Amino acid sequence: MANSVALAGKFLPVIDEVYRAESVTEGLDASTQADFTNANEIKVLKVATTGLGAYSRTGGYPKGDITVTWETMKLTQERGKEISIDRMDDEEMLGVVFGTVTGSFLREWVIPELDAYRFSKYASTAGITTATAADLTKDTILGAIDEAAAVMDENEVPQEGRVLFVNSGLKPALSQAFERQWGSEDEVSDVIRGYNNMKVVYVPKNRFYTKIDIQDGSSSWGYSKNAQGKGINFMMVYPPALVQAKKFMLPKVFRPEENQKMDAWLFQFRLYHDAFVYENKAKGVYVHPMTE
């Protein structure tokens, strides 16, 4: 498909970029990353033992068993894009267009897809807790969140460090569930940033689905909601339950003098990544889906 380029006359060097929020899942990256160097999969050791039994003063200690298995995590998402801008097109557009390609491309395409894939992967992982689908309102949202926290408490998921991801479409409902929050004499804010020691992060609703389709780029790009997927009201996460792996993420830029195919600037981007929930820590993810 040919580029759609509008040549500039004498205009101010102002670029009308697409507004996109930054990544909302980067904060879940663990301080200790899984090492995929020289491999496309890793194996995580899982150890389970039996519990206590009655000690006998004649027979001694009750016998126990140890079960050791390996959990395999294999990278599956290999994505890329090549974009070129003719040398003259760039010059006639004030020489600033190609310099903005990387930032615009990352914000408009890469970051939303990365977030959407991660959330859908967590939401579809076996063993996590999934609530009954419902459409929440200001009268029901706090009860649903409290129920999620109670379920995690029952499953003995640590309370410290939990993160509450909330659909941006529910921001008004969550705010209205509380009395108005006053920031200062000069500022009024009713945006809830934390709840019961949990950080609240708002997710753009077009990144928050239980299941998505990743497009191959031949006729359409990026991702879309799967027909069987549902929107997500909120997701409560204990970050150590997750693995977010980016084995390779690299943009490459070639000047026209370096481009052997065309007299054009050339931008290439490749991303090799995946996301996982540890099997033994699956209860550290709680998903509350919408009805559709």
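Quick note: structure is the one above.
In this report, we go over the structure that sits alongside the text. A quick note: this is a predicted structure, and the numbers were derived from the prediction, not measured.

## Here we look at the packing of aromatic side chains
Item 1. With the rule as written, the count across this model stands at 6 aromatic pairs.
Item 2. One aromatic cluster in this structure is built from Phe105, Phe267 and Phe269.
Item 3. In this structure, lysine 281 is placed above the aromatic ring of tyrosine 278, and the distance from its NZ or CZ to the ring centre is 5.0 Å.

## Concerning the nonpolar core
Nonpolar side chains tend toward joint burial in soluble globular proteins.
Item 1. Counting residues in each nonpolar core, the largest one holds 25 residues, and the members touching the most others are Ile145, Leu164, Val166, Leu174, Phe234, Met236 and Tyr286.
Item 2. Residue assignment for this core shows that the elements contributing at least two residues are α3 (141-154), β5 (163-167), α4 (171-176), β7 (198-203) and β10 (232-237).
Item 3. Top element by residues in this core is α3. It accounts for 8 residues.
Item 4. Ranked by size, the runner-up nonpolar core spans 20 residues in total, among them Tyr122, Val203, Ile232 and Val277.

## As for the sheet that holds strand β6 (residues 194-195)
Item 1. Across the sheet, which stays open at both edges, the 6 strands sit in the order β4-β13-β10-β5-β7-β6 with mixed pairing between neighbours. Two strands in the sheet have a free side with no partner beyond their single neighbour: β4 (129-130) and β6.
Item 2. Here β10 pairs with strand β13 (residues 285-289) via 5 bridges, running antiparallel. For valine 237, the partnering residue across the bridge sits in β13 and is valine 285.
Item 3. Packing against the sheet, α3 makes contact with β4, β5, β6, β7, β10 and β13, and its axis sits at approximately 30° to β10.

## A look at the environment of glycine 51
Item 1. For glycine 51, the position within the fold is in the loop between β1 (41-49) and β2 (66-74).
Item 2. On the basis of relative accessibility, which here comes to 65%, the residue glycine 51 falls in the exposed class.
Item 3. As for glycine 51 and glycine 64, which are separated by 13 residues in sequence, their C-alpha atoms are 7.5 Å apart.

## Re the sheet that holds strand β12 (residues 264-277)
Item 1. Here we have 3 strands laid out as an open sheet, ordered β3-β12-β11, and antiparallel in their pairing. Looking at the sheet topology across the chains shown, the edges are occupied by β3 (77-86) and β11 (242-254). Put simply, the sheet's adjacent strands are angled 10° from each other on average, direction ignored.
Item 2. Relative to β12, β3 runs antiparallel, the two being bridged by 10 bridges. Bridge assignment links isoleucine 83 to a residue of β12, and that residue is phenylalanine 267.

## Here we look at the environment of leucine 170
Item 1. Along the polypeptide, leucine 170 turns up in the loop between β5 and α4.
Item 2. Looking at leucine 170, the relative accessible area reads 8%, which means it is buried.
Item 3. Contact partners of leucine 170, with chain neighbours within four places excluded, come to Leu136, Ile141 and Asn233.

The rules behind each value
- Residues numbered from 1 in each chain as written.
- Predicted model: local features only at pLDDT ≥ 70, side-chain atom pairs only at ≥ 80, totals over all residues.
- Heavy atoms only, no water.
- Phe/Tyr/Trp six-rings, centres within 6.5 Å; stacked < 30°, edge-to-face > 60°.
- Lys NZ or Arg CZ within 6 Å of the ring centre and 35° of its normal.
- Core = buried A, V, L, I, M, F, W, Y, C linked by side-chain atoms within 4.5 Å.
- Buried < 20%, exposed > 50% of the residue type's maximum accessible area, 1.4 Å probe, protein only.
- Helix = DSSP H or I, 4+ residues; strand = E, 2+ residues; numbered from the N terminus.
- Pairing = 2+ DSSP bridges.
- Contact = heavy atoms within 4.5 Å.
- Axes fitted to C-alpha atoms, helices over the stretch in contact; angles between N-to-C directions.

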